[in-house]
Amino acid sequence: LLGARLVNAYIWNVLIVTLSFAASGFMDVYAKVSKQSTAGVPGKMQNFVEVLVEFVDNSVKDAFHGPRGFVAPLALTVFFWVFLWNLLDLIPVDLFPWLASKMGIEYLRIVPSADPNATFGLSLSVLALIIIYSFKGKGAGGFLKELLFHPFGKFPLLVPFNILLNIIEMIAKPVSLALRLFGNLYAAEMIFILIAMLPFWAQWIPGTAWAIFHILVIPLQAFIFMTLTIVYLSLAYEEH
């Protein structure tokens, strides 16, 4: 058990280092663009960044009707964090395990979104924000009122059913967020592993085809996670 924990610690250290490089690269690009931004004719990179920021901001405007000072940056962070997680799946599937084996680590997978621990960690953070925004938008009284009397109304005998259904609904949100992201990326990683088991000369066609298809999956899953986060916060903030 101790050995397994030590290996787990090594694996997460490698994951943290890998993600740190990816995240620092992303932040460096945005910091450089913000410093060099101009009100005149923008460059290509500034155009690209502005399009992404505007896209996320419009998504928040359409779904969340409360104060967006925190939600919009949160949505942008969630999108790019999940995007960077997924992007690691395009690295040759046996490269990092091979490098890790040279350091004495026998088992390694570098794609965080293919591990339920990572996806549940992110979705539980969203759950905490859902509860916070429920209190922020409705107050303690409004939150308890919805918990006790939604959806069957103020019938005393139905209050336990209201509480049960609301608890199930609250739990289902982070579970669905986590499992959807995990399932899609785990399946994609398994297909990459199966392709990697083919002879070297036979990997190119299926590997290239799956990588091209996966390029569409990477931003799509990040967009879905971001959009559902915004929608869940909107549902929590507004009274029904």
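What counts as what
All residue numbers here refer to positions counted from 1 along the written sequence of the relevant chain. Where local features are concerned, this predicted model is filtered to residues with pLDDT of at least 70; where side-chain atom pairs are given and counted, the filter is 80 or more; whole-chain, interface and lining totals use all residues. Hydrogens and water are ignored here; the side-chain numbers use all heavy atoms of the structure. Here, axes are lines fitted to C-alpha atoms. For helices the fit covers the stretch in contact, and angles between N-to-C directions go from 0 to 180 degrees. The helix and strand labels rest on DSSP assignments: H or I over at least four residues marks a helix, E over at least two residues marks a strand, and numbering proceeds from the N terminus. Working rule for angles: under 35 degrees goes down as roughly parallel, over 145 as roughly antiparallel, 65 to 115 as roughly perpendicular, anything else as oblique. The crossing is said to be left-handed when, going from far helix to near helix, the turn is anticlockwise and less than a right angle, and right-handed when the turn is clockwise. In what follows, residue pairs with any heavy atoms lying within 4.5 Å of each other are defined as contacts. Under the grouping applied here, Gly and all other residues not named as nonpolar or charged are polar, the nonpolar ones being Ala, Val, Leu, Ile, Met, Phe, Trp, Tyr, Cys and Pro and the charged ones Asp, Glu, Lys and Arg. By definition here, a helix of n residues has an expected span of 1.5 Å times n minus one. Take the seven residues that end at a residue and the seven that start at it, fit an axis to each, and the angle between those axes is the bend at that residue. Only protein atoms enter the 1 Å grid used here. Points where a 1.4 Å probe fits but cannot escape make up a cavity, open sets with protein on both sides within 12 Å along at least five of seven lines make up a pocket, and a residue lines them when an atom lies within 4 Å of a point. Grid points are joined across faces, edges and corners, and a volume is the space filled by probe spheres set on the points.

Moving on to the packing of helix α2 (residues 44-63) against helix α3 (residues 71-87). Direction vectors running N to C along α2 and α3 enclose 120 degrees, while the axes themselves pass 9 Å from each other. When the interaxial angle is binned, α2 and α3 end up oblique. As α2 packs across α3, the resulting crossing turns out to be right-handed. Between α2, through Leu52, Val53, Val56, Asp57 and Val60, and α3, the contact on the second element is made entirely by Val71, Ala72, Ala75, Leu76 and Phe80. The residue inventory of the contact of α2 with α3, partitioned by class, reads 9 nonpolar, no polar and 1 charged.

What follows deals with helix α5 (residues 116-149). End to end, α5 covers just 34 Å across 34 residues, shorter than the expected 50 Å (1.5 Å per residue, more than 12% under). The largest bend in α5 is about 105 degrees, located at Gly139.

Of the voids in this model, the largest pocket is the one considered here, and its volume is about 380 Å³. Lining the largest pocket we find 15 residues, and of these Pro92, Val93, Phe192, Gln203 and Gly207 sit closest to its centre. Contributing elements (two or more residues each) for the lining of the largest pocket: α6 (159-196) and α7 (204-237). The leading source of residues in the lining of the largest pocket is α7, at 4 residues. In the lining of the largest pocket, the residues fall into 10 nonpolar, 3 polar and 2 charged.

Counted at 1.5 Å a residue, the expected span for α7 with its 34 residues is 50 Å, and the 49 Å between its end C-alpha atoms agrees. Of all bends in α7, the biggest is about 25 degrees, found at His214.

A separate point is the packing of α5 against α6. Taken N-terminus to C-terminus, the directions of α5 and α6 make an angle of 155 degrees; their axes are 8 Å apart at the nearest point. Judged on the interaxial angle alone, α6 and α5 are roughly antiparallel. By crossing handedness, the relation of α5 to α6 is classed as right-handed. Residues belonging to the contact of α5 with α6 are distributed by class as follows: 21 nonpolar, 4 polar and 2 charged.

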